[in-house]
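Structural overview
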Amino acid sequence: MDKYGYRFSFGPWNIHEGADPFGPAVRPSRTFADKLTVYKELGFDLVQLHDDDAVPNLDELSPAQIRQTARTLKQTLADLGLSAEFVAPRLWEHPMTIDGAYTSNDPQARAYAIERSKKAADIAQELGTDLMVLWLAREGTYLRETKDAGRAAHQLLEAINTLLAYDANLRIAIEPKPNEPMDLAYIPTMGHALALGFQADDPKRVGVLMETAHSLLAGLDPADEISFAMAFGKLWSVHLNDQNGLKFDQDRSFGAINLRTAFNQVRVLDENRFWEVGVVGMDVKALRTQPADLATKHLRNSLSMFLRLVELSRSLDQAAVAALIAARDYEELDWLILSHLIGRAA
Ligand code: XUL
Ligand code: MN
């Protein structure tokens with residue numbers, strides 16, 4: 001925990017080999033066990049996990065074997081002073097999920113997705129976290145005429161209800177994203193995710209996770225997405241990062257592209273006392289050019305940026321801000337904020 005009470009997480013995929021669709025890995029793989037050793041030294045206390053990060057090859061294991069492996073991991077994490085923030089079912093790599101998981105046209109694929117998600121819930125339970133994150137990677141279309149968006153909404157709701165019934169303590173945080181890998185996703189924004197959650201059988205156990213890059217790809221302001229979800233007590237986690245324009249999901253270091261947008265995310269999180277509600281997750285990737293031994297600096301930078309922006313948010317002259325708002329002198333306020341961000345008197 002840092003001096004403000006925030007706790008931080010990242011996922012093992014955030015230390016990666018640098019492969020992209022046009023080129024192979026440029027850094028050697030680090031084992032999961034090796035990755036776990038860097039969390040503490042970088043200031044992180046919690047681990048974001050996909051189900052198969054926690055339990056490799058889980059499709060080939062019995063429920064008892066899955067639980068046993070998860071229990072062992074819990075101890076491994078505890079020995080390192082770590083714990084799991086959430087478990088997310090990986091519903092986008094298996095052949096059964098080629099054309100969707102919960103919303104596939106194939107009933108067998110839909111059944112696979114539900115069974116796989118139940119296993120993820122078991123893993124979360126064994127790891128001592130009640131949080132499941134649903135990034136609905138392949139719930140959408142490559143070709144709009146192939147599926148029915150209304151039917152998909154009901155299939156998604158049914159999947160969520162099934163999971164809520166399966167584990168009475170489970171909380172589900174939906175992580176919306178508008179595109180990639182799909183051309184068009186069914187749950188592209190916070191509003192869509194919240195609407196789905198409010199319709200669920202137990203709405204108080206469905207919330208959201210806001211990822212900066214995803215909001216930007218949807219053409220929205222991440223700080224407003226945060227505020228909207230927090231207004232209803234629904235923001236249970238965040239994936240802070242950055243994004244340069246509308247292209248593939250870049251997962252750049254937090255604040256690396258747009259410092260002011262980053263500032264506003266931190267400002268609204270801090271003003272709404274997010275440290276009391278959830279963990280500050282980073283979902284950032286090192287640049288492909290980064291040598292292997294230097295490929296954790298994106299995590300260090302993102303966390304440091306968050307803390308520096310908390311400082312800036314708290315040291316903002318609130319009386320001056322209020323006076324400028326009252327006078328409707330927004331140009332002066334603009335200048336005040338910019339000056340504050342670059343550390344100069346207005
Ligand atoms: C994908 C993404 C995922 C989720 C977890 O864009 O952000 O890493 O955060 O499944
Ligand atoms: Mn994410």
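This write-up is about the structure you can find in this document. What you see is a predicted model, and the numbers here were worked out from it, not measured in a lab.

Some points on the coordination of the manganese ion (ligand 2)
With distances of 2.0 to 2.2 Å, the protein atoms coordinating the manganese ion (ligand 2) are E175 (OE), E211 (OE), H239 (ND1) and D283 (OD). Around the manganese ion (ligand 2) sit 6 donor atoms, and with donor-metal-donor angles ranging over 80 to 168 degrees the site reads as octahedral. Ordering the donors of the manganese ion (ligand 2) by residue number gives the pattern E-x35-E-x27-H-x43-D. Of this pair, E211 sits in strand β8 (residues 206-211) while D283 sits in the loop between β10 (279-282) and α10 (297-315); the two residues are 72 residues apart in sequence, bridging distant segments of the chain. As far as burial versus exposure is concerned, E211 and D283 are alike and both buried.

Observations regarding the side chain of E139
Relative to the assigned elements, E139 resides in the loop between β4 (131-135) and β5 (140-141). Buried charged residue E139 carries no salt bridge. Nearest counter-charge: K147, at 5.5 Å. Here T103 takes part through its side chain, which lies 2.5 Å from a polar atom of the side chain of E139. When residues no more than four places from it in sequence are discounted, the contact partners of E139 are G100, A101, Y102, T103, L156, M182, A185 and Y186.

Quick word on the pairing of strand β6 (residues 171-175)
Two faces, one strand: in a regular strand the side chains alternate between the faces of the sheet. Where burial is concerned, most of β6 is hidden: 4 out of the 5 residues are buried. When β4 meets β6, the two strands line up parallel, connected through 5 bridges. The partner of M132 across the bridge, within β6, is I172. With 3 bridges joining them, β6 and β8 adopt parallel strand pairing. Bridge pairing links I172 to V206 in β8.

What about unusual backbone geometry?
Following E180, the chain continues into P181 via a peptide bond in cis, with omega recorded as 10 degrees. Relative to the helices and strands, P181 is located in the loop between β6 and β7 (184-185). Unusually for a residue other than glycine, N57 sits at a positive phi of about 55 degrees. Examined against the element boundaries, N57 turns out to sit in the loop between α2 (51-54) and α3 (63-79). Using a relative accessible area of 52% as the deciding quantity, one classes N57 as exposed. Not every positive phi belongs to a glycine, and D251 is a case in point at roughly 50 degrees. The topology assignment puts D251 in the loop between β9 (235-240) and α9 (259-271).

A closer look at the site of ligand 1
The environment of ligand 1 is made up of W13, H50, W92, W135, E175, K177, E211, H214, H239, D249 and D283. At 3.5 Å, a side-chain N or O of W13 approaches an oxygen atom of ligand 1. For ligand 1, an oxygen atom lies 3.0 Å from a polar atom in the side chain of D249. Considered on its own, ligand 1 offers 290 Å² of accessible surface; in the complex 94% of this is hidden by protein.

Things to note about the packing of α3 against helix α4 (residues 107-127)
At their nearest, the axes of α3 and α4 sit 8 Å apart, and the two run at 35 degrees to each other. In this structure, α3 crosses over α4, and the sense of that crossing is right-handed. Where α3 abuts α4, its residues I66, R67, A70, R71, L73, K74 and L77 lie against K119, D122, I123, Q125, E126 and L127. Of the residues belonging to the contact of α3 with α4, the class tally is 6 nonpolar, 1 polar and 6 charged.

Quick look at the packing of helix α11 (residues 318-326) against helix α12 (residues 330-341)
Contact pair α11 / α12: the axes reach a minimum separation of 8 Å and the direction vectors enclose 155 degrees. With respect to each other, α11 and α12 are oriented roughly antiparallel. Seen from above, α11 lies across α12 with left-handed handedness. Across the interface between the two elements, V321, L324 and I325 of α11 pack against Y330, E332, L333 and L336 of α12. Tallied by class, the residues present in the contact of α11 with α12 amount to 6 nonpolar, no polar and 1 charged.

Calculation rules
- Within each chain, residue numbers correspond to sequence positions counted from 1 in written order.
- Naming scheme: in the order in which they are written, chains are lettered from A and ligands are numbered from 1.
- Restriction of local features to residues with pLDDT of at least 70 applies here, the model being predicted, together with a cutoff of 80 or more for giving and counting side-chain atom pairs; totals for whole chains, interfaces and linings are based on all residues.
- As a convention, hydrogens and water are excluded, and side-chain values are obtained from all of the structure's heavy atoms.
- For Na, K and Ca the donor cutoff is 3.2 Å, while for all other metals N, O and S atoms must lie within 2.8 Å; water is not among the atoms, so some sites may look incomplete.
- For a four-donor site, all angles between 85 and 135 degrees give tetrahedral; for four or six donors, opposite pairs above 155 degrees with the remaining angles between 65 and 115 give square planar or octahedral; all remaining cases count as irregular.
- The helix count covers DSSP runs of H or I at least four residues long, the strand count covers runs of E at least two residues long, and both are numbered beginning at the N terminus.
- Three labels apply to residues, based on accessible area from a 1.4 Å probe with only protein chains included: buried if under 20% of the type maximum, exposed if over 50%, partly exposed otherwise in between.
- For the purpose of charge, His is not counted, nor are the chain termini; Lys and Arg are scored as positive and Asp and Glu as negative.
- What counts as a salt bridge is simple: a side-chain nitrogen of Lys or Arg found within 4 Å of a carboxyl oxygen of Asp or Glu.
- Think of a polar contact as two N or O atoms within 3.5 Å of one another; within protein, one of them needs to be a possible hydrogen donor and the other a possible acceptor, and neighboring residues in sequence only count if both atoms come from side chains.
- Only heavy atoms matter for contacts: two residues are in contact if any of them lie within 4.5 Å across the pair.
- Any two strands with at least two DSSP-identified bridges between them are counted as paired.
- In this text, near means that some heavy atom of the residue lies within 4 Å of the molecule or strand in question.
- Surface accessibility in these figures is a Shrake-Rupley result with a 1.4 Å probe; residues are shielded only by whichever protein chains are displayed.
- To get an axis, a line is fitted to the C-alpha atoms, and for a helix only the part in contact is used. The angle between two axes follows their N-to-C directions and goes from 0 to 180 degrees.
- Left-handed describes a crossing in which the near helix is turned anticlockwise from the far one by less than a right angle; the clockwise case is right-handed.
- Gly is placed with the polar residues, together with every amino acid not listed as nonpolar (Ala, Val, Leu, Ile, Met, Phe, Trp, Tyr, Cys and Pro) or charged (Asp, Glu, Lys and Arg).
- An angle below 35 degrees is treated as roughly parallel, one above 145 as roughly antiparallel, one from 65 to 115 as roughly perpendicular, and anything else as oblique.

No statement about biological role is implied by the geometric values presented.
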